[in-house]
Amino acid sequence: MLNCSSLLFSCRSLSRRICVQKMSTTVEPLCPKFVPVEHSKISNTTEGLKFRLVSYNVLAQAYAKSEQFPHSPSPCRKWKTRSMAILSLLKSLGTDFLCLQEVDEYNSFYKANLESNGYASIYVQRSGKKPDGCGIFYKKTSAELIIEEKIEFNDLVDSVQNGASSQNDEVPNENKVAQQSKKGLLEQNTSGDRGDPNDPRVRLKRDCVGIMAAFRFNKSIIIVANTHIYWDPEWADVKLAQAKYLVFRLYKFKERISNEFNCAPPVIVAGDFNSTPGDKVYEFMTEGSLLFDDQSTIPLSSAYAVTMGEPQFTNYTPGFTGTLDYIFFSASAFIRPIGYLQIPESESPDIEGGLPNYHHPSDHLPIGAEFELIND
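Anyway, here's the lowdown on the structure attached to this text. (Residues numbered from 1 in each chain as written. Predicted model: local features only at pLDDT ≥ 70, side-chain atom pairs only at ≥ 80, totals over all residues. Heavy atoms only, no water.)

**Some thoughts on the overall build of the protein chain**
Counting its regular elements, the protein chain contains eight helices and 17 strands. Counting all 376 residues of the protein chain, 57% fall into the buried class. Within the protein chain, residue pairs in contact and separated by at least 24 positions form 76% of the contacts whose partners lie at least 6 positions apart. Put simply, the protein chain shows about 16300 Å² of open surface, and 48% of that area lies on carbon and sulfur atoms. (Helix = DSSP H or I, 4+ residues; strand = E, 2+ residues; numbered from the N terminus. Buried < 20%, exposed > 50% of the residue type's maximum accessible area, 1.4 Å probe, protein only. Contact = heavy atoms within 4.5 Å. Areas by Shrake-Rupley, 256 points an atom, 1.4 Å probe, with all protein chains shown as cover.)

**Quick word on the environment of Glu287**
Among the secondary structure elements, Glu287 is positioned in helix H8 (residues 280-287). For the pair Glu287 and Ile298, spaced eleven residues apart in the sequence, the C-alpha separation amounts to 9.9 Å.

**Some details on the sheet that holds strand S12 (residues 300-302)**
Read across the sheet, six strands follow the order S8-S9-S10-S11-S15-S12 without closing on themselves; strand pairing throughout is mixed. Looking at the sheet topology across the chains shown, the edges are occupied by strand S8 (143-152) and S12. With direction set aside, neighbouring strand axes in the sheet form an average angle of 20°. Those strands touched by helix H7 (residues 236-261) are S8, strand S9 (209-217), strand S10 (220-228) and strand S11 (267-272), and its axis lies near 145° from that of S8. (Pairing = 2+ DSSP bridges. Axes fitted to C-alpha atoms, helices over the stretch in contact; angles between N-to-C directions.)

**Structural notes on the nonpolar core**
One finds Phe97, Leu100 and Tyr110 to be the most contacted residues of the largest nonpolar core, which totals 58 residues. Discounting residues that sit within four places of it in the chain, Phe97 has contacts with Phe51, Arg52, Leu53, Val54, Phe137, Tyr138, Ala143, Phe215, Phe217, Ile222 and Val224. (Core = buried A, V, L, I, M, F, W, Y, C linked by side-chain atoms within 4.5 Å.)

**Looking at the pairing of strand S17 (residues 367-373)**
Of all seven residues making up S17, seven are buried, and the element is well covered by its neighbours. Side chains of S17 alternate between two faces, with Ile367, Ala369, Phe371 and Leu373 and Gly368, Glu370 and Glu372 buried alike. Of the strand pairs in this sheet, strand S4 (residues 49-57) and S17 are connected by seven bridges, and their pairing is antiparallel. Along S17, the bridge assignment pairs Arg52 with Glu370. In the sheet, strand S16 (residues 335-341) pairs with S17 via five bridges, with the strands oriented antiparallel. Residue pairing for S17: Gly339 is matched across the bridge by Glu370.

**Quick notes on the packing of aromatic side chains**
According to the stated counting rule, one finds 22 aromatic pairs in the structure shown. Ring centres of Phe97 and Phe217 lie 6.1 Å apart, and the angle between their planes is 35°; on these two criteria the pair is classed as tilted. With Phe97 in strand S5 (residues 97-103) and Phe217 in strand S9, the pair connects residues that are 120 residues apart, well separated along the chain. Accessibility classification places Phe97 together with Phe217 in one group, the buried group. Both rings, one in Tyr138 and one in Phe215, keep their centres 4.9 Å apart while their planes meet at 55°; by these two values the pair is tilted. With Tyr138 in strand S7 (residues 133-139) and Phe215 in strand S9, this residue pair connects regions lying 77 residues apart in the sequence. A residue is classified by how much of its surface remains accessible, and Tyr138, at 9% relative accessible area, is buried. Of the residues examined, Phe215 reaches a relative accessible area of 0% and is grouped as buried. (Phe/Tyr/Trp six-rings, centres within 6.5 Å; stacked < 30°, edge-to-face > 60°.)

**Topic: the pairing of S10**
Counting buried residues along S10, nine of its nine residues qualify, which places the element largely inside the surrounding structure. Burial along S10 is two-sided: Ser220, Ile222, Val224, Asn226 and His228 and Ile221, Ile223, Ala225 and Thr227, pointing in opposite directions, are all buried. Sheet analysis places S9 next to S10, joined by eight bridges and oriented antiparallel. Residue Gly210 lies in a different strand from S10, and its bridge partner there is Thr227. In this antiparallel pair of consecutive strands, S9 and S10, the connection spans two residues, and Asn218 shows a positive phi of 60°. Looking at chain direction, S10 and S11 are connected through six bridges and run parallel. Of the residues in S11, the one forming a bridge with Thr227 is Gly271. Between the parallel elements S10 and S11, the chain passes through H7 in a crossover that is right-handed. (Right-handed = clockwise from strand over helix to strand, strands pointing away.)

**A short note on the sheet that holds strand S3 (residues 34-36)**
The mixed open sheet is built from seven strands, whose spatial order is S3-S16-S17-S4-S5-S7-S6. Looking along the sheet, the strands with just one partner apiece sit at the ends: S3 and strand S6 (119-125). Between one strand and the next, the sheet's axes are offset by a mean angle of 25°, whatever the strand orientation. Two strands pair when backbone bridges link them, and S5 and S7 are joined in this way by five bridges, in the antiparallel orientation. When the bridges of S7 are listed, Leu100 appears paired with Gly135.

**Topic: the packing of helix H2 (residues 79-93) against helix H3 (residues 106-115)**
Taken N-terminus to C-terminus, the directions of H2 and H3 make an angle of 35°; their axes are 11 Å apart at the nearest point. H2 and H3 meet at a crossing whose hand is right-handed. Along its contact with H2, which presents Trp79, Ser83, Met84, Ile86, Leu87 and Leu90, the element H3 presents Phe109, Tyr110, Asn113 and Leu114. In the contact of H2 with H3, the residues fall into eight nonpolar, two polar and no charged. (Left-handed = near helix turned anticlockwise from the far one by under 90°. Nonpolar A, V, L, I, M, F, W, Y, C, P; charged D, E, K, R; others polar.)

As structure tokens, then:
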């Protein structure tokens, strides 16, 4: 077996420091650093208010099973070691905002532990008795929560049942139904018989959620949203419907904040979108009006795409390697990314064999961006 310490110190290409755990195991998570954007890519002509945001699918402990991750060493799947590794990693990042997905130990672990490190939080658990959800953790010294709203993607079912929708073509019809995967059938069977998957009311009931909030950051107001879109690659229609509903809700929320506080708040949308660059969801999020008219959409850009380019991957397992996680921001003159969180290269020894492992406590990698708010 390769020595874990030698692997850590040999990975010089990322210039990352090691978070040494005072634990009885060899789990030593690697802590990535933020890298400034090259001047050639984004000009640096003004000085504004800066803040950092990280998005991270932490892998719910309920899903960290040997059947799903047979390649992962047993200690790396145990909550006692994973939880300490995750906490050490999150603490090391020193960000103003943490957008976490697959949080299933919110009350028993995340809330109190991150609060002791200066974070307050808001959280939404998935519907359908699912154990995990999405949380936004924010530094109490820099951000003040103003208003929050939760997003239940199961609300899409109501729009079908009512026979009307405020978003044209938001809900897939039977002509768009994709073939259901065996994994999808298994998921449906384990969550109860929901009926015919060709019925859009059944397809859209996936128990996915999101959360969004307006924060006062110094003298500015910003909107931060966090979500986890449905996973199945063969149910692309469901993913796209959720993405469209997300942006629709964000538009309405931004409109509300703008009217109440007489401002034009920038929007940041983070999460696990379970879609790779080039997929319809990614195209919708970055290219805009596949659904809405020009007066009711929010132009968005990917923070990584406009800085270093989208990573090779944010999820790394023997069964799948690709980019699924993103930080989108509203393209405007008032906000710009000036830095990004490092991502390992494909040849990095710390990811060899797939995640989670002794250096990464989740099958996903954290992504992050540093933003600058520019006063008008």
